[in-house]
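Listed here are the chains, written in short residue letters.
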Amino acid sequence: WVSHIHPLGRVAFIAKLLWKKPYVVILHGFDFRLALRNPWKRFLTHHILHGARLVVCNSQALAYDVKSFVPKMSKPLVVNPSVLKVSRSGHIQYTDSRNGVRVLTVARLVSRKNHSAVIKAVSMLEGVEYIIVGDGPDRDKLDRLIRELGLEDRVHIRTNVSDEELGSVYAKAEIFILPVLPDATDVEG
């Protein structure tokens with residue numbers, strides 16, 4: 001099982017050629033887009049994906065792109081990521097947001113994820129609390145925007161959230177939002 005086309009996919013492809021070892025490639029959109037950036041990588045990527053016993057994609061959109069790129073390969077398996085967990089008792093406990101509707105984004109803090117647009121929208125709405133789970137280079141910029149708009153009581157950035165905590169954060173949100181900006185290389189499923 002390899003989780004990146006380059007370089008791990010190349011190793012798996014060579015192992016298949018030399019020792020007849022089957023392999024599976026797990027893909028996400030960014031990895032796939034990077035693998036298509038030059039003719040040599042496109043050539044290798046085509047052979048790696050075509051030679052895989054199975055290609056696993058994290059979205060239907062990516063599976064479509066992969067199948068379009070390698071039409072003769074079998075249909076990729078789509079496995080959407082999931083982190084929501086149920087408590088030991090089998091119940092998810094929902095709690096009302098102290099400010100009304102709770103909106104959630106789980107993503108890296110980079111300009112492409114467009115967190116600032118949501119923060120600005122929250123500033124124009126009453127009764128909306130916005131939780132951002134993530135970290136990244138735009139953290140300071142977003143903190144400044146939150147302060148400038150006076151939203152410290154309604155917009156919260158949480159970092160270092162465990163999988164268990166993340167399940168609880170998802171369960172407490174009414175709306176998930178991720179208004180990403182188009183990018184030539186990176187992609188959202």
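Small disclaimer: the values here were computed from a predicted structure and weren't measured.

1. So, the overall build of the chain
Item 1. What the chain contains, in helices and strands, is seven helices and seven strands.
Item 2. Counting the 189 residues in the chain, one finds 37% classified as buried.
Item 3. Sequence-distant contacts, at least 24 apart, represent 68% of the contacts inside the chain between residues at least 6 apart.
Item 4. For the chain, the computed accessible surface area is about 11,500 Å², with 56% contributed by carbon and sulfur atoms.

2. Topic: the sheet that holds strand 7 (residues 175-176)
Item 1. The parallel open sheet is built from four strands, whose spatial order is 6-5-4-7. Among the strands making up the open sheet, the edge pair consists of strand 6 (155-158) and strand 7.

3. Focus on helix 3 (residues 39-51)
Item 1. With 13 residues, helix 3 extends 18 Å between its outermost C-alpha atoms, agreeing within 8% with the 18 Å of an ideal straight helix rising 1.5 Å per residue.
Item 2. Listed as buried for helix 3 are Leu44, Thr45, Ile48, Leu49 and Gly51. Looking straight down helix 3, one finds its buried side chains confined to an arc of 165 degrees; they lie on one side.
Item 3. Tucked into the core, helix 3 has its buried residues touching helix 1 (5-19), strand 1 (24-27), helix 2 (29-34), strand 2 (54-57) and helix 4 (60-69).
Item 4. Residue Asn38 occupies the N-cap position of helix 3, its side-chain oxygen lying 3.0 Å from the main-chain nitrogen of Trp40.

About the cut-offs
Residues numbered from 1 in each chain as written. Predicted model: local features only at pLDDT ≥ 70, side-chain atom pairs only at ≥ 80, totals over all residues. Heavy atoms only, no water. Helix = DSSP H or I, 4+ residues; strand = E, 2+ residues; numbered from the N terminus. Buried < 20%, exposed > 50% of the residue type's maximum accessible area, 1.4 Å probe, protein only. Contact = heavy atoms within 4.5 Å. Areas by Shrake-Rupley, 256 points an atom, 1.4 Å probe, with all protein chains shown as cover. Pairing = 2+ DSSP bridges. Expected span 1.5 Å × (residues − 1). Arc of directions from axis to C-beta. Polar contact = N/O pair within 3.5 Å; in protein donor to acceptor, adjacent residues only side chain to side chain.

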